[in-house]
Amino acid sequence: MLTGSIFDIMKYSIRDGPGIRTTIFFKGCPLKCLWCHNPESQDPEPQLMFWPDRCIGCGDCVETCVNQAILPGGIHKERCRRCGQCAAVCPTLAREMVGRRVAVEEVVREIERDRIFYEESGGGVTFSGGEPLVQPSFLHSLLDACQDREIATAVDTTGYTAEETLLSISEKVDLFLYDIKLMDDEKHKLFTGVSNRLILNNLQKLSQRHPHIIIRIPIIPGINDDRENLEQMASFISTLQNIWEVQLLPYHNTGMGKYERLNLPYQLAQTQPPADEAMQLLAGEFRSYGLNVKIGG
C-alpha cells in the first residue's frame, strides 16, 4: 500500500485555486525560504511542536521520555528521537507531533467527501506543501485517483525538481500554481537556500506544454520588492506561454508562532507587511507588461 507524508488536509479552501477546494499539504521541501509561513512543511520527517499556553506543567511528558529530551518550554533537539510518546501522554495537547504517513486510499476518501462542493463551485483538490514533487510516486497515485473520479486537480510547486519529474505529471494536472521569488541567483540562494536556475528553466519548459499556469510571487519587503527584481520578473513572465494570471502575495507574519512552537529561529520578525498602496503600484508595474495580475491568492 503506497503511503506518503503529509502534515495537514485543509477543507473548504478558497485560496489554492478556483472554487472550493481541499488542499493536501505534503511534508518536505528543498527550499528554506526565510518567510515561509509553514515551517513544519520543510522537514520531511514528523516534528514535535510545543504549545506553551496549553501546558499545565503536569510532568507526564518528562516522565515518559526515556531520552531525557523534554525541557521546560521545549525539547533537547539532539536527544529527541521524534518517537511521539510525549505527545501521546500529554493531556492538554501541549505537545503535538506534526506530520504523519497516510495511504493514498485514505487521502482519496477525504477528497471525495467534498465532491459536491467541487461540482457546485468549480473547485477541486490542490496538492501543496512543502513541495509535492519531493514525493513523486505518492503524488502520481493521487493524481491518477482524482483523474479516475473526474476531480479537478491543481499542484502548487516551487518548481525545484528534476525537469522529467515535473513534466511527467503535467498531463495529470489541470492547473499549476507555480511559485517564483527572485530573479538574481545569488540572492535566491541567500534567501531560499537553493539556486533559481532549475526553477526558471522548468517554468519555461512547463509553459510550452501546459495550458493552465498561475504564477505566484510572495512580496517580501526588503528582499524582493525592489524595482530591478520586479522588472526582471515581469519581463521574464511576459515571454512565457499559457500564463493565466500572476498573483502577488503580500508578506504576512502569521506563521511566526509556528517557529516558536518548533523551537526554530524566525529571521524576519521585524519585517512589516507591505502597504496596500505599495501592492497596487507593484501590480501596475506587472500590468504594464501585459500581464493579468491579482493581489492575493
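Residues numbered from 1 in each chain as written. Predicted model: local features only at pLDDT ≥ 70, side-chain atom pairs only at ≥ 80, totals over all residues. Heavy atoms only, no water.

S.K.: Pulling in residues and values, what's your account of the pattern of salt bridges?
M.R.: Following the criterion strictly, the structure yields 17 salt bridges and no others. The partner of D185 in a salt bridge is K189, and the shortest N-O contact between them spans 3.6 Å. With D185 and K189 both in helix α7 (residues 185–192) and 4 residues apart, this pair spans about one turn of that helix. On the accessibility criterion, D185 (11% relative accessible area) is buried. In this structure K189 comes out as partly exposed when scored by relative accessible area, which is 36%. Three or more residues joined by partner-sharing salt bridges are found here, namely K11, E110, R113 and D114. (Salt bridge = Lys/Arg side-chain N within 4 Å of Asp/Glu carboxyl O. Helix = DSSP H or I, 4+ residues; strand = E, 2+ residues; numbered from the N terminus. Buried < 20%, exposed > 50% of the residue type's maximum accessible area, 1.4 Å probe, protein only.)

S.K.: How would you explain the packing of helix α9 (residues 227–238) against helix α11 (residues 276–287) if you had to name every residue and give the values?
M.R.: Their axes nearest at 9 Å, the elements α9 and α11 cross at an angle of 40 degrees. By the angle between their axes, α9 is oblique relative to α11. Handedness of the crossing formed by α9 with α11: right-handed. In this structure, α9 contributes R227, L230, E231, M233, A234 and I237 to the contact, and α11 contributes L282, E285 and F286. Counted by class, the contact of α9 with α11 contains 6 nonpolar, no polar and 3 charged residues. (Axes fitted to C-alpha atoms, helices over the stretch in contact; angles between N-to-C directions. Parallel < 35°, antiparallel > 145°, perpendicular 65-115°, else oblique. Left-handed = near helix turned anticlockwise from the far one by under 90°. Contact = heavy atoms within 4.5 Å. Nonpolar A, V, L, I, M, F, W, Y, C, P; charged D, E, K, R; others polar.)

S.K.: Would you mind going over the domain arrangement of the chain in detail, with residue names and values included?
M.R.: Partitioning the chain into structural domains gives domain 1 (3–44 + 103–295) and domain 2 (47–98). Domain 1 and domain 2 are separated by 32 Å when their C-alpha centres are compared. Every contact between the two is made by 9 residues of domain 1 and, on the other side, 9 residues of domain 2. Carbon and sulfur atoms supply 56% of the area buried between domain 1 and domain 2, which totals about 880 Å² over both sides. Linking domain 1 with domain 2 are 1 salt bridge. Two residues, D43 and R82, come together in a salt bridge whose shortest N-O distance is 2.9 Å. For the interface between domain 1 and domain 2, the tally reads 4 residue pairs in polar contact (both at pLDDT 80 or more). Tallied by class, the residues present in the side of domain 1 that touches domain 2 amount to 4 nonpolar, 1 polar and 4 charged. (Domains from an automatic or database assignment. Buried area = accessible area lost by both parts, 1.4 Å probe. Polar contact = N/O pair within 3.5 Å; in protein donor to acceptor, adjacent residues only side chain to side chain.)

S.K.: Any details on helix α8 (residues 197–207)? Residues and values, ideally.
M.R.: The complete set of buried residues in α8 reads I199, L200, N202, L203, L206 and S207. Projected onto a plane normal to the axis of α8, the buried residues spread over an arc of 160 degrees and lie on a single side. Considering only its buried residues, α8 is in contact with α6 (163–169), β10 (175–179), α7, β11 (213–219) and α9. (Arc of directions from axis to C-beta.)

S.K.: Please give an account of the nonpolar core that cites residues and values.
M.R.: Note on soluble globular proteins: their nonpolar side chains tend to be buried together. Residues F127, I237 and F286 are the most contacted members of the largest nonpolar core, which totals 52 residues. Here this core gets 6 residues from one element, more than from any other, and that element is helix α5 (residues 136–148). With residues up to four places along the chain from it excluded, the contact list for F127 reads I24, F26, I111, P132, L139, L142, L143, C146, T153, A154, V155 and D156. (Core = buried A, V, L, I, M, F, W, Y, C linked by side-chain atoms within 4.5 Å.)

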